[in-house]
Amino acid sequence: MASFRISGLTKSYGSNVIVDDLDLEIEEGEFLVLLGPSGCGKTTTLRCLAGLETPERGRIEFKGDPVFDSSARVNVPAHKRRIGMVFQSYALWPNMTVRKNIAYPLKVRRMKEALAAGRVEEAAAMVHCEHLLDRYPSQLSGGQQQRIAVARGLAARPDLVLFDEPLSNLDARLRDQVRTEIHRLHESLGFGAVFVTHDQSEAFALGDKLAIMREGRIEQLGTPQDVFQRPATDYVAGFIGMANRLELRRTGAGWQTKGGVDVLVARDVPDAPALVARLWPDDVSLHRDSESVPTGAVAIKAELLAAEFGGRQYHVTVGANGEEFRLQADSATHGSWLRTATEGCPVLISFRAEALHVYSEGGERALASPGSAG
Ligand SMILES: Nc1ncnc2c1ncn2[C@@H]1O[C@H](COP(=O)(O)OP(=O)(O)OP(=O)(O)O)[C@@H](O)[C@H]1O
C-alpha cells in the first residue's frame, strides 16, 4: 500500500487552475521527482502536501490517515504533518546559529532538549558540517547553507521530505556535490521524498520514480529508465531533451517532413495521414560526404547553421528545407573542419530509422519507440 496518497487534488489562484484533479502515490522510502517546466504547478503541489496551501478539493493521506480532505473538512496544520522541507532559497533563520536552525523542527515538535541536541549533532554530521554549528548563516557559503538546510529538513526524521528545487541556486560543481549527498542520504536513511525540479538530469539522477507535470496534471509517471526509453508523449520527449522533432505527412510511398524531406519510418504505424517523430541529438550523425554514411541509414542533405565547441563534442545545428536538427559531433573526428566551417556549408546527416520515437499527430500517444515491438 502506498504510504502517501494524493487524490483529486485541485488548487486554483483566482480563475487559474494550477493543480488540476491530480492523483499521485508515493511508496514508503520512495524518492519521487516532480519534473516539469516553470509554472506547471510543481511547487503548488508540494506546498499542498506540506500544508502550506489549502486546496479547494481532494484528499491527502499520510500512512492511511487523512491530513487533508475537502469533503470531510480535515486540514492538519503543517507542523503536525511529520514532514521536512528543503527550499531553493535555503530559508535559514539569519538570527539563529546553525545549531538553532537545525534544532528548530525538533523544537516545533517539542522534543526533549537532550535528545534534540544529539539529533542536531547527528544531522550536522550527515552533511559533514559539525564544525559549523556555532556559526550564523551569513558566515556560510551557499553550498554550506544548503547542506544545513538539508540537515534541518532531515533532523526530525520525518516520514516525508519535500525538496523544492534545492540545488538551483548553487553553481554547477556544488550542485553535483550536494545532489550526490542527497542521493547518498536517501540511500542510507530511506526516507520518502518528493523533489521538485525542472532539470531532467537531476530528475534522472535522483528519482526512483518521475512524475512529469504539464499544466497541473501528470503527463507520465514512471521510473527514470521508462521515461528515458519510452517517453509517453511528444511533450515528455521534448521536455527530457529529445530535441529533434519532425512533423511527418504520409506521401504515396512513405513519409515526408513539412519541408519535403523524405524520412523512412522503419516500423508499421497505424494508418494515419500524419505523425510526429522525435530523435535524440546523439542518435544523429554528421558527415562531410556520403562515403561515411552507414548502409541502411536515413541520410538527409543539410546545411550547417551553428557549431559550438563543448569539449569532447561540438553541439551542432543544421537545417534541411526548413527543418532544424540538433546533434553532437565528436571533436576528435570533426573538430578540425568544424572549427573553421562557415554557416551554410553543405553537410549530410544520418540516423537509423529505428531510432525514431513515433507519436500520433497531436503528440499525445506513443505509437512506437526504439526497442518496442511494432
Ligand atoms: N500565491 C499565488 N497567487 C497567485 N498565483 C500563484 C501563486 N503561487 C503560484 N501562482 C501561480 O501558479 C502557477 C504555478 O506555480 P508553481 O510555483 O506551482 O509552478 P512551478 O511548476 O513550481 O514553477 P517554478 O519552477 O517556476 O517554481 C504559476 O503561474 C504561478 O504564477
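Labelled according to an unreviewed UniProt entry, the protein appears under the name Maltose/maltodextrin transport ATP-binding protein MalK, originating from Nocardioides simplex.

J.: Can you help me understand the packing of aromatic side chains in this one?
T.: The geometry of an aromatic ring pair comes down to the distance between the two centres and the angle between the two planes. Within this structure, the stated rule accounts for 10 aromatic pairs. Ring geometry for Phe31 versus Phe195: centroids 5.8 Å apart, planes at 40 degrees, classification tilted. Here Phe31 is found in strand S3 (residues 31-35), whereas its partner Phe195 is found in strand S9 (residues 192-197), with 164 residues between them in sequence. Both residues of the pair, Phe31 and Phe195, count as buried. Note on Phe204 and Phe228: the rings are 6.0 Å apart at their centroids and 85 degrees apart in plane angle, and the pair reads as edge-to-face. Separated by 24 residues along the polypeptide, Phe204 in helix H6 (residues 200-206) and Phe228 in helix H7 (residues 224-229) bring together distant segments of the chain. The class for Phe204 is partly exposed, based on a relative accessible area of 24%. Judged by relative accessible area, Phe228 falls into the partly exposed class, the value being 40%.

J.: How should the site of the ligand be read in this particular structure?
T.: Taken together, Tyr13, Ile18, Pro37, Ser38, Gly39, Cys40, Gly41, Lys42, Thr43, Thr44 and Glu165 make up the full set of residues adjacent to the ligand. Separating an oxygen atom of the ligand from a side-chain N or O atom of Thr44 is a distance of 2.5 Å. Starting from 630 Å² of accessible surface for the ligand in isolation, the protein chains cover 55%. When residues of the shell around the ligand are assigned to their parent elements, the largest contribution, 3 residues, is made by helix H1 (residues 42-50).

J.: Where do I start with the sheet that holds strand S5 (residues 65-69) in this structure?
T.: Neighbouring strands of a sheet are bound in pairs by backbone hydrogen bonds; such pairs are parallel or else antiparallel. Taken together, the 5 strands give an open sheet; going across it, the order is S2-S1-S4-S5-S6, and neighbouring strands pair in antiparallel fashion. Among the strands making up the open sheet, the edge pair consists of strand S2 (16-26) and strand S6 (74-75). Note: strand S4 (residues 57-62) against S5, 4 bridges, orientation antiparallel. The residue bridging Glu61 from the neighbouring strand is Pro66, located in S5.

J.: Mind showing me how you'd approach the environment of Ala320 here?
T.: Positionally, Ala320 belongs in strand S18 (residues 313-320). Taking relative accessible area as the criterion, Ala320 reaches 1% and is therefore assigned buried. Counting along the chain gives 16 residues from Ala320 to Leu304, while the straight-line C-alpha distance between them is 9.2 Å. Excluding its chain neighbours within four sequence positions, the residues that come into contact with Ala320 are Val261, Ile300, Lys301, Ala302 and Phe325.

J.: Any chance you could explain the sheet that holds strand S22 (residues 366-368) here in plain terms?
T.: Taken in spatial order, the 6 strands make up an open sheet running S14-S13-S12-S15-S21-S22, and their pairing is antiparallel. The outermost strands of the open sheet, each flanked by one partner alone, are strand S14 (262-263) and S22.

J.: Just checking my understanding: could you explain the nonpolar core for this structure?
T.: Most often, soluble globular proteins have nonpolar side chains that are buried together. Phe31, Ile102, Phe163, Ile182, Phe191 and Phe195 are the most contacted members of the largest nonpolar core, which totals 51 residues. It is helix H4 (residues 142-155) that provides the largest number of residues to this core, a total of 6 residues. Inspection of this core shows a minimum of three residues originating in each of domain 1 (4-234) and domain 2 (235-368). Setting aside its immediate chain neighbours within four residues, Phe163 contacts Phe31, Leu46, Val86, Ile182, Phe191, Ala193, Val194, Phe195 and Val196. Counting 34 residues, the second largest nonpolar core, distinct from the first, contains Leu248, Val261, Ile349 and Val358.

J.: Explain the pattern of salt bridges to me, please; I cannot follow it from the model alone.
T.: A side chain of one charge can pair with a side chain of the opposite charge if their charged atoms are brought near each other. Using the criterion set out here, one finds 23 salt bridges in the structure. Lys209 is the partner of Glu30 in a salt bridge, and the nearest nitrogen-oxygen pair spans 3.3 Å. Residue Glu30 is found in the loop between S2 and S3, and its partner Lys209 is found in strand S10 (residues 209-214); the two are separated by 179 residues along the sequence. In this structure, Asp234 engages Arg245 in a salt bridge whose closest nitrogen and oxygen atoms are separated by 2.9 Å. Residue Asp234 is located in helix H8 (residues 234-239), and its partner Arg245 is located in strand S12 (residues 244-250); the two are separated by 11 residues in the primary sequence. Classification of Asp234 as buried rests on a relative accessible area of 7%. Overall, the relative accessible area of 30% leaves Arg245 in the partly exposed class. Beyond isolated ion pairs, a larger network of salt bridges with shared partners links Asp234, Arg245, Glu247, Lys258 and Arg278.

About the criteria used
- Each chain carries its own residue numbering, running from 1 in the written order of its sequence.
- Note on the predicted model: pLDDT of at least 70 is required for a residue's local features to be given, and 80 or more for side-chain atom pairs to be given and counted; whole-chain, interface and lining totals, by contrast, use all residues.
- With hydrogens and water set aside, each side-chain value is computed from the structure's full complement of heavy atoms.
- Each pair of aromatic rings taken from Phe, Tyr and Trp, with Trp reduced to its six-membered ring, is defined by centres within 6.5 Å and is described as stacked if the planes are under 30 degrees apart, edge-to-face if over 60, and tilted in the remaining cases.
- Helix and strand assignments come from DSSP, with helices taken as H or I runs of at least 4 residues and strands as E runs of at least 2, each series counted from the N terminus.
- Only protein chains enter the accessibility calculation, which uses a 1.4 Å probe; a residue whose area is less than 20% of its type maximum is buried, one above 50% is exposed, and one in between is partly exposed.
- It suffices for a single heavy atom of a residue to lie within 4 Å of a molecule or strand for the residue to be listed as near it.
- Throughout this description, a polar contact denotes any pair of N or O atoms lying within 3.5 Å of each other; where both atoms belong to protein, one of them has to be capable of donating a hydrogen while the other can accept it, and for residues adjacent in sequence the pair is counted only when both atoms sit in side chains.
- Methods summary: accessible areas were calculated by the Shrake-Rupley approach with a probe of 1.4 Å, and residue burial reflects only the protein chains presented.
- Whether two strands pair depends on DSSP finding at least two bridges between them.
- Contact criterion: two residues are considered in contact whenever any of their non-hydrogen atoms come within 4.5 Å of each other.
- Take the buried residues of types Ala, Val, Leu, Ile, Met, Phe, Trp, Tyr and Cys, join any two whose side-chain atoms come within 4.5 Å, and each joined set is a nonpolar core.
- Domain segmentation is taken from an automatic or database assignment of domains.
- Salt bridge, as used here, is a side-chain nitrogen of Lys or Arg placed within 4 Å of a carboxyl oxygen of Asp or Glu.

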